[in-house]
Amino acid sequence: MPNAPLAASKPGQIAPPVRCRSFTLTALAFGVAVVALTWAGLSHALAYTTDRPDLRYALTLVALAGTVISLALLAFPIRALAHMARSSTLLQQGELVAARLPAWKSRQTALAGMGYATFWLVLVAGYLFVTANDFAVQKAFLNLEYLSRSAALVLSAARINLYITLGASAIILILSLALALMRLLPGSAGRPIRLLAIAYVDFFRAIPTIIVLYMVGFGLPLTKLPWISQLDGIWYAIIALSLSFSAYVSELFRAAIESIHASQVAAARSLGLSGFKTYRYIIVPQAIRQVIPPLLGFFIALQKDSALVLILGLMDVFGQARFFSANFFNLSPVSLVGVLFLIVTIPQTRLVDYLIERQRRRGGS
């Protein structure tokens, strides 16, 4: 049973429970303020619908529902008051030990109430922002007419981003692992290779990705080199993103390989494995398992940066949305692109969090 910290004033004296009155009263005042702000804000939003009878009925229901929800949040401070009263009664009866639990419950319930009230207040603020000035924000960013008209073109153009992401991911995995192994070559014989890998990593980590895209996409065609200068624009985007991201990902692989204890290498060599087989069968598989969570994080960033290929003239998902928005002076297609990236990246982000947590639990055990 969780109890509040004890601090007796004299040796042998039982300490009273930690005070909960201020937390409870603050939560109650904050809850009442949230109810008032919710009703005032939603009522103010209704004022913009005087000329829109089709929306006024629906928004009136939204305002009533929002007020009911905000009133329901008052249950937290009311329960906190009940726990506080119970603690005070036990204190008056001299039951100091028994009074600690309701005092602790009062504090925790009050804090939970303030947390949920803050969350609700943010939602209400977002709703008011979208509906402000006769739904000006909604019309500019979330116009259903333009969303439906541009959906087919935007979704069709998203295939280019998918091709670029998949192609660059495959190259990045191979190139970054090779760079990491090059930087770990031992002895003086491997020094030139290590210097090359270090120079590559330092160079492409220092240059912004958009500059690499520009130099590769417009520079290589100017060279008139056989085959290289005649590639499709998608391949230039894949090459540029691979060059840039492999410099970052190689450091992940190198850190993971170096985290494997030296005894693993010693044990493998004592069993007669060569240096190549030691890394292939012992070191690299363990390093890959450790690097998967942060590696997925980099690939999420790669998916988002694939929108930079617009500077190469490719009609990708962002380019198509931008073209549509420029024709109709509305940013709803761009909002659709943002929603697409949210749908793709948020599940991957949650997967990364899960893998990191699982790895932490395994490490702790």
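It should be emphasised that the depicted structure is a prediction, and the values quoted were computed from it without experimental measurement. (Residues numbered from 1 in each chain as written. Predicted model: local features only at pLDDT ≥ 70, side-chain atom pairs only at ≥ 80, totals over all residues. Heavy atoms only, no water.)

### Let's talk about the overall build of the protein chain
We count it as follows: Under the scheme used here, helices are H or I runs from DSSP no shorter than 4 residues and strands are E runs no shorter than 2 residues, and both carry numbers assigned from the N terminus. Taken over C-alpha atoms, the radius of gyration is set against a globule rule of 2.2 Å times the number of residues to the power 0.38. The classification of residues rests on relative accessible area computed with a 1.4 Å probe and restricted to protein chains. Under 20% of the type maximum is buried, over 50% is exposed, and intermediate values are partly exposed. Note on contacts: a residue pair is in contact if any heavy atoms of the two residues lie within 4.5 Å. For every accessible area listed, the method is Shrake-Rupley and the probe measures 1.4 Å; residues are considered covered only by the protein chains on display. For the purpose of charge, His is not counted, nor are the chain termini; Lys and Arg are scored as positive and Asp and Glu as negative. To locate a charge, take atom NZ for lysine, CZ for arginine, CG for aspartate or CD for glutamate.
Helix and strand counts for the protein chain come out as 12 helices and zero strands. Taken from N to C terminus, the helices and strands of the protein chain fall in the order α-α-α-α-α-α-α-α-α-α-α-α. For a compact globule of 365 residues, the expected C-alpha radius of gyration is about 21 Å, and the protein chain comes in at 30 Å, more than 25% above that figure. Seen through its principal axes, the protein chain has C-alpha atoms that stretch 90 × 70 × 25 Å. Of all 365 residues assigned to the protein chain, the portion counted as buried reaches 35%. Long-range contacts, defined as pairs at least 24 residues apart, comprise 76% of the intrachain contacts of the protein chain with a sequence gap of at least 6. Of the accessible surface of the protein chain, which amounts to about 21,100 Å², a share of 69% is contributed by carbon and sulfur atoms. Distance between charge centroids for the protein chain: 13 Å, based on 30 positive and 13 negative side chains.

### Focus: the pattern of salt bridges
Defined as follows: Salt bridges are counted wherever a side-chain nitrogen of Lys or Arg sits within 4 Å of a carboxyl oxygen of Asp or Glu.
Going through the model one piece at a time under the given rule, you end up with six salt bridges. Across the pair E251 and R183 runs a salt bridge whose closest N-O atoms are separated by 2.9 Å. Highlighted residues: E251 in helix α8 (residues 233-259) and R183 in helix α5 (residues 144-183), separated in sequence by 68 residues. Take E251 and R183: they sit in the same class, and that class is buried. Between E251 and R205 there is a salt bridge, with its nearest N and O atoms 3.7 Å apart. Of this pair, E251 sits in helix α8 while R205 sits in helix α6 (residues 191-206); the two residues are 46 residues apart in sequence, bridging distant segments of the chain.

### Brief notes about the environment of L166
You can see L166 is positioned in helix α5. Along the sequence, L166 and I238 sit 72 residues apart, while their C-alpha atoms lie 8.9 Å from each other.

### A few points about helix α3 (residues 75-92)
Stated precisely, the cut-off is as follows: Expected helix span is given by 1.5 Å per residue-to-residue step, counting one fewer step than there are residues. This arc is taken over the directions from the axis of the helix to the C-beta atoms.
Taking 1.5 Å per residue, 18 residues should reach 26 Å; α3 reaches 26 Å between its end C-alpha atoms and fits that length. Every buried residue of α3 is accounted for by P77, A80, M84, S87 and L90. Seen from one end, α3 has its buried residues packed into an arc of 135 degrees, which puts them on one side. Facing away from the buried side of α3, by more than 90 degrees, are the exposed residues I78 and Q92.

### Some remarks on the side chain of Q303
For the record, the criterion: Polar contacts, as counted here, are pairs of nitrogen or oxygen atoms within 3.5 Å of one another; within protein the pair requires one atom able to donate a hydrogen and one able to accept it, and residues that are adjacent in sequence qualify only if both atoms are side-chain atoms.
With respect to the helices and strands, the residue Q303 is situated in helix α10 (residues 275-305). Residue Q303 is classed as buried on the basis of its relative accessible area, which comes to 13%. Among the polar contacts made by the side chain of Q303, one reaches the side chain of Q348 at a distance of 2.9 Å. Ignoring anything within four residues of it in the chain, the contact list for Q303 reads T165, F341, V344, T345 and Q348.

### A few points about helix α4 (residues 96-141)
The test is simple: The angle between axes fitted to the seven-residue stretch ending at a residue and the seven-residue stretch beginning at it gives the bend at that residue.
Here α4 is 46 residues long, yet its end C-alpha atoms lie only 59 Å apart, well below the 68 Å a rise of 1.5 Å per residue gives. Taken as a whole, α4 carries its principal kink of about 120 degrees at D134.

### Structural notes on the nonpolar core
The nonpolar side chains of a soluble globular protein tend to be buried, and buried together. Counted only if it meets this: Here, nonpolar core refers to any group of buried Ala, Val, Leu, Ile, Met, Phe, Trp, Tyr and Cys residues whose side-chain atoms link them within 4.5 Å.
Formed by 38 residues in total, the largest nonpolar core has its most connected members in I164, I172, L213, A237, L241, L302 and L314. Ranked by residue count, the leading element in this core is α8, at 13 residues. Excluding anything up to four places from it in sequence, A237 contacts I164, L213, V309, L312 and L314. Listed in part, the six residues of the second largest apolar core include L147, V317, L336 and V337.

### So, the packing of aromatic side chains
Any aromatic ring pair is given by two values, namely how distant the centres are and how the planes are angled relative to each other. How we decide: Two aromatic rings from Phe, Tyr or Trp, using only the six-membered ring of Trp, form a pair when their centres are within 6.5 Å; if the ring planes differ by under 30 degrees the pair is stacked, by over 60 it is edge-to-face, and anything between is tilted.
All told, the structure shown has seven aromatic pairs when counted by the stated rule. Centroid distance F76 to Y116: 5.3 Å. Interplanar angle 20 degrees. Geometry classified as stacked. With F76 in helix α3 and Y116 in helix α4, this pair connects stretches of sequence that are 40 residues apart. The exposure class assigned to F76 is partly exposed, which follows from its relative accessible area of 21%.

### Some remarks on the confidence of the model for the protein chain
Test applied: pLDDT runs from 0 to 100 and stands for how confident the predictor is about each residue.
Here the protein chain shows a mean pLDDT of 83. Residues at 70 or above account for 91%. The element-level mean pLDDT for the protein chain is lowest in helix α2 (residues 53-72), coming to 78, with α6 highest at 93. Here residues 1-13 scores under 50 on pLDDT; set against residues more than four positions off or in separate chains, the count is 11 contacts.

### Things to note about the side chain of N143
Of note, N143 is situated in the loop between α4 and α5. The residues touching N143, leaving out its near neighbours within four places in the chain, are Q138, N330 and S332.

### Considerations on the packing of α6 against α8
Let me state the cut-off plainly: An axis is simply a line fitted to the C-alpha atoms; with a helix, the fit covers only the stretch in contact. Between two such axes, the angle follows the N-to-C directions and lies from 0 to 180 degrees. Reported orientations rely on four angle classes, namely roughly parallel under 35 degrees, roughly antiparallel over 145, roughly perpendicular from 65 to 115, and oblique for the rest. With the far helix as reference, a near helix turned anticlockwise by less than a right angle produces a left-handed crossing, and one turned clockwise produces a right-handed crossing. The residue classification treats Ala, Val, Leu, Ile, Met, Phe, Trp, Tyr, Cys and Pro as nonpolar and Asp, Glu, Lys and Arg as charged. All others, Gly included, are polar.
Contact geometry for α6 and α8: axes closest at 8 Å, N-to-C directions at 120 degrees. Between α6 and α8, the interaxial angle falls into the category oblique. Of the two elements, α6 crosses α8, and the hand of that crossing is left-handed. Facing Y200, V201, F204 and R205 of α6, the residues of α8 in contact are S242, L243, S244, S246, A247, Y248, S250 and E251. Here the contact of α6 with α8 is composed, by residue class, of six nonpolar, four polar and two charged.

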